[in-house]
Each structure stands twice: as C-alpha cells, then as structure tokens.
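# Structural description and commentary
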Amino acid sequence: MSEKAPGLSVARSIKVGCPDMHIVAFGEPMQAGMYIDVDASYVVAPYDIDAIVKIASAKGVRAIIPNMDDDVEAFAESKEVFSDYGINLLISDSNIVRIANDKLETYQYASSKSVSMPETVRYSEELDWELPYFLKGGSRGVFRVRTREEAFVIAQYLKQMGERPIAQKNLNGEPYSVAGIAYDGDVVALMIKKLRIAENGMTIFGVTIYDKDLLSIIKDFVLSIGWEGPFEVEFIKDNNYHLLEMNSRFPSWIDVGVSAGLNLPAMLVEILFEQKPKIESYIYRTGVTFIRFPMTAISDIDKVVGMKVIGGVEWRRNNM
Amino acid sequence: MNLNRINYKRIGERGYIFDTKTGYIYLLSETSSIIVEGMLNNNLEGAINRILSEYDIDEDTLRKDVRELCNSLEEICGK
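For the structure given in this document, a descriptive report is provided here. Predicted, not measured: the structure shown is a model, and the values here were computed from it.

Okay, the sheet that holds strand β3 (residues 120-122) of chain A next. All names here are of chain A. Ordered by their spatial adjacency, 4 strands build an open sheet running β3-β6-β4-β5, and the pairing between neighbours is antiparallel. Among the strands making up the open sheet, the edge pair consists of β3 and β5 (142-145). Going from strand to strand, the sheet's axes swing by 30 degrees on average, the running direction of each strand aside. As paired elements, strand β4 (residues 133-136) and strand β6 (residues 166-169) share 4 bridges and run antiparallel to each other. Following the sheet pairing, Phe 134 is matched in β6 by Gln 168. Contacts from helix α6 (residues 103-112) reach β3 and β6, with the element oriented near 140 degrees to β3. Its contacts with the sheet place helix α7 (residues 148-160) against β4 and β5, and it is angled at close to 160 degrees to β5.

Below, the structure written as structure tokens:
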C-alpha cells in the first residue's frame, strides 16, 4: 500500500461496495494506506510472498488484490502458492503481466498487433529524438523531457533508483485512460478523460466519459493478450486513439467509479469470492469529475511502533 | 440528430454542453442556450420565437445562426 499506488482508492471502494468485507493491508509502516480504510495492517518486505501467504492464511484472508506493478508480477509468479492456501487471485500468468509491466514489451506487442503506439525504446545518451519526449521508469513515474541535458539527468536519477529508463516519443492530443477488469472472456471498463496531469504523470483531475470505439479497442487489445484481472490502459487521441502504456493494476483514480455507479474494486471482490457480481449493467454515469489531493493519515505513535515491533496492527480490535 | 451523446445543463443565464464521448465542454451564449433547449424539447420554433421577442435580432440572422449551431451540434454528435 502506497500513497502513490491505488491501494487507498481500492480499499475505499471496497469499503463502500462491500461493507461487510474485512480488509487487510500488507505493506510498510510509512505507507499511508496502512492506516486508512483497512481493518488490519501487516508489515511485509516487498515481494515477500511467503510472509504474505503465511499471514494471510493465519488470518483467514480468502482473496488478495495486489496494487503495485511489481507486486502483480511477483504474485503472478506465485499463483500456485496462493491457490494451494485457498487464497483467490484474479491475475494473468507472469509472462502476460510482463507485457504490461515492461513498456518495451508493450510496444513490441502493440506493434505486432498493428495497435498504434508512439515509438518506445530503451533510453541511451545517444538518443537523438525531437524534443520533447517522455522518460519512464517503472513506479518512479513519467517525465516529460525538454532538453537532452534534462533527459540525461532524469535518466541518471532513474538508474540510481534501480530502473532501466524507457523513452517514448511525444504525440500531441487529448489524454484518456481506461480502467477495467478482464475475466471470463469479457471486459468491463470505466473511461476517463484526463483534464490535468502532474509532472510525474499522475492524473490529478479527470472526468468520466464513455466511447464505444475506445471500449472496442480496449476489449480487442486486452483479450488478445489473454489478460485476466484489473488493468489500466492509457491513450492519447488526435484523430485516432494511440496506446501509451498499460498498467497491471487499478489506477489511483479508480474510486471515481463509486460515484459514477461502476465500483470495479467491489466487483473484483465479488468475482474473487465467486459471487455473481451484483452489477447488472456496465453502464455508468458520465460527467463525474475527480480531483486527487494529498491526504493526511492520522494515527498514534503506538500503532506505528506496533507495526515495526510486532509486525502488524488489528484496527478493529483497537476500535480504530 | 442523435443528441443522446451530449448532456446539457443551464447555469444561470447560460448553458453548457458536456460531450460524454470526448469529455469536451462547450459553453453557450444566452441565445444558443435557448436554441439548444428548444431542440432538446422538440420545440425549436418556440425557441426561435422567444429569442425574436426578447432580443434585438432580425429573423434572417437568427435563422442563419441556428443553422450554424445545428451544424456544430451535428459535427459533435457525429464524431
């Protein structure tokens, strides 16, 4: 759970759509999502599947939704482990997850399927593209670079953070994004137009829209990969839609669906618990806007210490 | 013309159109707002007559403006 990743929004959506559901967070003590809208929080090291499975199994967790790209890949590689412990996941195979997580693989796959996507390459100092273009570094964000010097500095930063920077050409147009769930050979999707994007590429202001042409593109692309589970696909539109990237989890704005009438995290929970989703129609309200802003997670120091010393806090037992 | 794709709302003296497909917003003048309301209520002639009675505008100019507005809406709804 991280304030940048969608865990907070997913937990909030589930609280609204499945009020009887107990939510357990796995993460680190300094992550805001460990303190908000969850019933228990447990500290685990990144990608420590064994620890997650052990705690989840002991606490009666029956389903898990990973909310960070790298977690999705780790979970996909351990699908059988979760299954052995009776913990449900809706997730693609790891080689399919990599098509989304590795932006070069996304470009290669899109090109092979004649899906329009701006040229995307591994960054090198010799790259002599027309400026501006974009540098991407995994969970570090998306950076619009205006000079070669800026590109070099940002690439160095990304490399120091353990990333292998990707460069993507700029395309002028209007940005759109689609969040969805692929399961059982079908796709349910929620679309937004991005109205304001932060410097790091995060959507901070958007509005729900519906375009059946875009839905068709999404369904074709996502189902052709063989995707299962939550996703986000981002586009830029001039006269046509051009794919920018795919993410292997819900986006941070996913909770706008609660107000629009399509609560995808809650729907995913119903799927994971093998219930027929109560949503009878995938039609949702357009014109619902959202603005993301920094929130403050308030708690007691003993809860933070409790997480660090004991490894977890059960909020409900402490009447939080 | 299929107007289902747009949402129209009046705020005070003016209205706006939200294109539910593209997310674009079009702010309308007072008279354009009356025209769009007339179209949505299947009473375009009533809207034209109201404008002619309340505003200082000749009919030929108004009808030309109405045609242009209709063309614009067709362009939006047809995209």
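Contact with chain B, which involves 7 residues of that partner, is made by 12 residues of chain A. Each partner contributes to the roughly 700 Å² buried at the junction of chain B and chain A, and carbon and sulfur atoms together form 51% of this total. Where chain B meets chain A, there are 2 salt bridges. Notably, a salt bridge pairs Asp211(A) with Lys21(B), separated by 3.8 Å at the nearest N-O pair. On the surface where chain B and chain A come into contact, there are 3 residue pairs in polar contact (both at pLDDT 80 or more).

Remark: a regular strand shows side chains that alternate across the two faces of the sheet. Residues and elements named next belong to chain A. Of all 7 residues in strand β9 (residues 203-209), 5 are buried; the element is thus mostly enclosed. Pairing of strand β8 (residues 186-197) with β9, which is carried by 6 bridges, proceeds in the antiparallel orientation. In the strand pairing of β9, Met 191 is matched with Ile 209. Hairpin geometry of β8 and β9 is characterised by an intervening segment of 5 residues between the two adjacent antiparallel strands and by a positive phi of about 90 degrees at Gly 201. Note: β9 against strand β12 (residues 289-291), 3 bridges, orientation antiparallel. Directly across from Phe 205, in β12, lies its bridge partner Ile 291.

Residues and elements named next belong to chain A. Among the residues of helix α11 (residues 301-309), those classed as buried are Lys 303, Val 304, Gly 306 and Met 307. Viewed end-on, α11 has its buried residues packed into an arc of 155 degrees, placing them on one side of the element. Facing away from the buried side of α11, by more than 90 degrees, are the exposed residues Ile 301, Lys 308 and Val 309. Contacts made by the buried residues of α11 are with β2 (40-43) and β13 (312-314). Where α11 terminates, the next one or two residues include Gly 311, which has phi positive at roughly 100 degrees.

Formed by 89 residues in total, the largest nonpolar core has its most connected members in Ile181(A), Val222(A), Trp227(A), Phe231(A), Met246(A) and Leu264(A). Looking at this core, the element that brings in the most residues is helix α10 (residues 264-272) of chain A, giving 7 residues. Not counting residues within four places of it along the chain, the set of residues in contact with Trp227(A) comprises Ser92(A), Ile96(A), Val97(A), Ala100(A), Ala182(A), Val222(A), Met246(A) and Ser248(A). In terms of nonpolar packing, the next biggest core, distinct from the first, is built from 19 residues, Ile6(B), Tyr8(B), Leu73(B) and Ile76(B) among them.

This part takes up the sheet that holds β2(A). All names here are of chain A. A sheet is described by the order of its strands in space; here 3 strands give the open sequence β1-β2-β13, paired in mixed fashion. On the outer flanks of this sheet lie β1 (24-27) and β13, each paired with one strand and no other. Sheet twist, expressed as the average angle between the axes of neighbouring strands with direction ignored, equals 15 degrees. Inspection of the sheet shows β1 paired to β2 by 4 bridges, in the parallel sense.

Take a probe with the size of a water molecule and roll it over the atoms, and the empty space left behind shows itself. Residues and elements named next belong to chain A. Of the pockets and cavities examined, the second largest pocket occupies roughly 630 Å³. Surrounding the second largest pocket, 24 residues form its lining, Phe 134, Val 142, Arg 144, Ile 197 and Gly 201 being those nearest its centre. Mapped by element, the contributors of at least two residues to the lining of the second largest pocket are β4, β5, β6, β7 (174-183), β8, β10 (229-237) and β11 (241-247). Residue composition of the lining of the second largest pocket, grouped by class: 11 nonpolar, 5 polar and 8 charged.

On to the packing of aromatic side chains, then. All names here are of chain A. Inspection of the entire model under this criterion finds 9 aromatic pairs over all chains. An angle of 85 degrees between the planes, with centres 5.4 Å apart, marks the rings of Trp 129 and Tyr 133 as edge-to-face. Since its relative accessible area comes to 13%, Trp 129 is described here as buried. Ring centres of Tyr 176 and Tyr 241 lie 5.7 Å apart, and the angle between their planes is 80 degrees; on these two criteria the pair is classed as edge-to-face. With Tyr 176 in strand β7 and Tyr 241 in strand β11, this pair connects stretches of sequence that are 65 residues apart.

For the rest of this paragraph, the subject is a nonpolar patch on the surface. Nonpolar side chains collect at one region of the surface, where Ile301(A), Val305(A), Val309(A) and Ile310(A) lie side by side and expose about 450 Å² of accessible area between them. The residue Ile310(A) is located in the loop between α11 and β13 in this model.

Scoring rules and cut-offs
Residues numbered from 1 in each chain as written. Chains lettered and ligands numbered in written order. Predicted model: local features only at pLDDT ≥ 70, side-chain atom pairs only at ≥ 80, totals over all residues. Heavy atoms only, no water. Pairing = 2+ DSSP bridges. Helix = DSSP H or I, 4+ residues; strand = E, 2+ residues; numbered from the N terminus. Axes fitted to C-alpha atoms, helices over the stretch in contact; angles between N-to-C directions. Contact = heavy atoms within 4.5 Å. Buried area = accessible area lost by both parts, 1.4 Å probe. Salt bridge = Lys/Arg side-chain N within 4 Å of Asp/Glu carboxyl O. Polar contact = N/O pair within 3.5 Å; in protein donor to acceptor, adjacent residues only side chain to side chain. Buried < 20%, exposed > 50% of the residue type's maximum accessible area, 1.4 Å probe, protein only. Arc of directions from axis to C-beta. Core = buried A, V, L, I, M, F, W, Y, C linked by side-chain atoms within 4.5 Å. 1 Å grid on protein atoms, 1.4 Å probe; cavity = no way out; pocket = protein on both sides within 12 Å on 5 of 7 lines; lining within 4 Å. Points joined across faces, edges and corners; volume = space filled by probe spheres on them. Nonpolar A, V, L, I, M, F, W, Y, C, P; charged D, E, K, R; others polar. Phe/Tyr/Trp six-rings, centres within 6.5 Å; stacked < 30°, edge-to-face > 60°. Patch = residues over 30% accessible without salt bridge, like charges linked within 9 Å, V, L, I, M, F, W, Y side chains within 5 Å. Areas by Shrake-Rupley, 256 points an atom, 1.4 Å probe, with all protein chains shown as cover.

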